[in-house]
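# Summary of the model geometry
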Amino acid sequence: MLSFPEIFSLKNRVAVVTGALGLLGKNHCIALSEAGADVFVCDLDSSKCISFAESLPKPGFGTEVDITKKDSVMNLRDKVLAKFGRIDVLVNNAAINDMFENPTTASELSMFENYPLELWQNSIDVNITGTFLCCQLLGTEMAKQKKGSIINIASTYGMVAPDQSLYKKPNGEQSFYKTAAYPVTKGAVISFTKFLAAYWGHKGVRVNTLSPGGVENKQEDYFIKNYYKRTPLKRMAAPTDYKGALIFLASDASNYMTGANLVVDGGWTAW
C-alpha cells in the first residue's frame, strides 16, 4: 500500500497532454512533470511543443498533433508507444473557446440568432470529436495494459448556462455573448466521460472530468470585477490552481474514482 506522498507520485508514468501550449495546458504539463511523469507535449506547432517540453522540470517530449484528424492521433499514439511502450495518463485539454477578432462585430456575431454554423462545427470537431479520437486511439492502449487514467477537461459551463451579464460593460453595452458552442460541447465531454468510465471500468481504465472555473488572464477590468462578484471566493483562478486536482486524478490517489466530475471553480456552481 502506498503512503503519502508516494500515492501522488507519477514516477515511471507516461502522460500525454493535448492542447499543451495553452495557458492551462502548460500548467498541466508542468504539474505532471513535477510529479515525475514523462510528459508528451502535444499541440499544433511541433517546434514550440519540443521547445516547451525540453523546458519542463523533467524534460519531456514534444510532438505535433491535430486531434480532429484520425491519422494524426494515430501517429501520436505510435510515437508514444515507440518511445515507452505504454500510455498511463491522457489529459484531453485541447479545445476551442470562441474568440471574435473584431470587437465591433463581436456582439452581433455571438448572438445565438446570428452565430455562424462554421464556428459551431469547429467547436464540435475539436471539443467533441477530438476528445473522442484521443480516447479511442490512446485509451484503447490503456485498456490493453489493464490500467490508465484519462482526464477530460470540461468547464463549469458544461454544467450551468453562461451568465451573459459577465460580458456587459459598465455602460450597459453587451461586449459579446457567450455562445452555445462551448457549453454544449463541454456538457458533451462530461457525458462522454461517464460513458467511458462505465465502458472501460472492468479494464482498469479510470475516466474522470476536471471542470475548471475561469482563469484570470488579462481580461478587461469590468469582466474581472463581474466575475469576482459572481464567485464565493471573490476571485478568478490562477493558472496554477488546477495542478493539485490534476495530479490527484492522474495518480493512484484517486484509484477508486471513475466517472466523476471534479469541479474546481471557486464555488461558482454553488450559487
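What this report covers is the structure whose coordinates are included nearby. (Residues numbered from 1 in each chain as written. Predicted model: local features only at pLDDT ≥ 70, side-chain atom pairs only at ≥ 80, totals over all residues. Heavy atoms only, no water.)

## So, the nonpolar core
By size, the foremost hydrophobic cluster in this structure holds 30 residues, and its most contacted members are C29, L32, V39, V41, V91, I151 and L210. Those elements that provide at least two residues to this core are β1 (14-18), α1 (23-34), β2 (38-43), α2 (46-54), β4 (89-92), β5 (148-153) and α8 (243-250). The biggest single contributor to this core is α8, with five residues. The residues touching V41, leaving out its near neighbours within four places in the chain, are V17, A20, L21, C29, C49, F52, A53, L56, F61, G62 and T63. Counting residues in hydrophobic clusters, the runner-up holds 27 residues, among them C134, L137, F192 and L196. (Core = buried A, V, L, I, M, F, W, Y, C linked by side-chain atoms within 4.5 Å. Buried < 20%, exposed > 50% of the residue type's maximum accessible area, 1.4 Å probe, protein only. Helix = DSSP H or I, 4+ residues; strand = E, 2+ residues; numbered from the N terminus. Contact = heavy atoms within 4.5 Å.)

## A few points about the packing of helix α5 (residues 117-145) against helix α6 (residues 181-200)
Axes are the key here: two packed helices are described by the angle between their axes and the distance separating the axes. One way to put it is that α5 packs onto α6 with a least axis distance of 9 Å and a crossing angle of 15°. By the criterion of interaxial angle, the relationship of α5 to α6 is roughly parallel. Between α5 and α6 lies a crossing whose hand is right-handed. Contacts from W120, S123, I124, N127, I128, T131, F132, C135, G139, T140 and A143 of α5 reach α6 at A181, Y182, V184, T185, A188, V189, F192, L196 and W200. (Axes fitted to C-alpha atoms, helices over the stretch in contact; angles between N-to-C directions. Parallel < 35°, antiparallel > 145°, perpendicular 65-115°, else oblique. Left-handed = near helix turned anticlockwise from the far one by under 90°.)

## Here's the deal with the side chain of D265
Mapped onto the elements, D265 comes out in the segment after β7 (261-264). One buried charged residue, D265, remains without a salt bridge, the closest side chain of opposite sign being R230 at 7.5 Å. Separated by 2.8 Å, the side chains of D265 and T269 make a polar contact. Setting aside residues no more than four positions away along its own chain, D265 makes contact with T156, G213 and T231. (Lys, Arg positive; Asp, Glu negative; His and termini not counted. Salt bridge = Lys/Arg side-chain N within 4 Å of Asp/Glu carboxyl O. Polar contact = N/O pair within 3.5 Å; in protein donor to acceptor, adjacent residues only side chain to side chain.)

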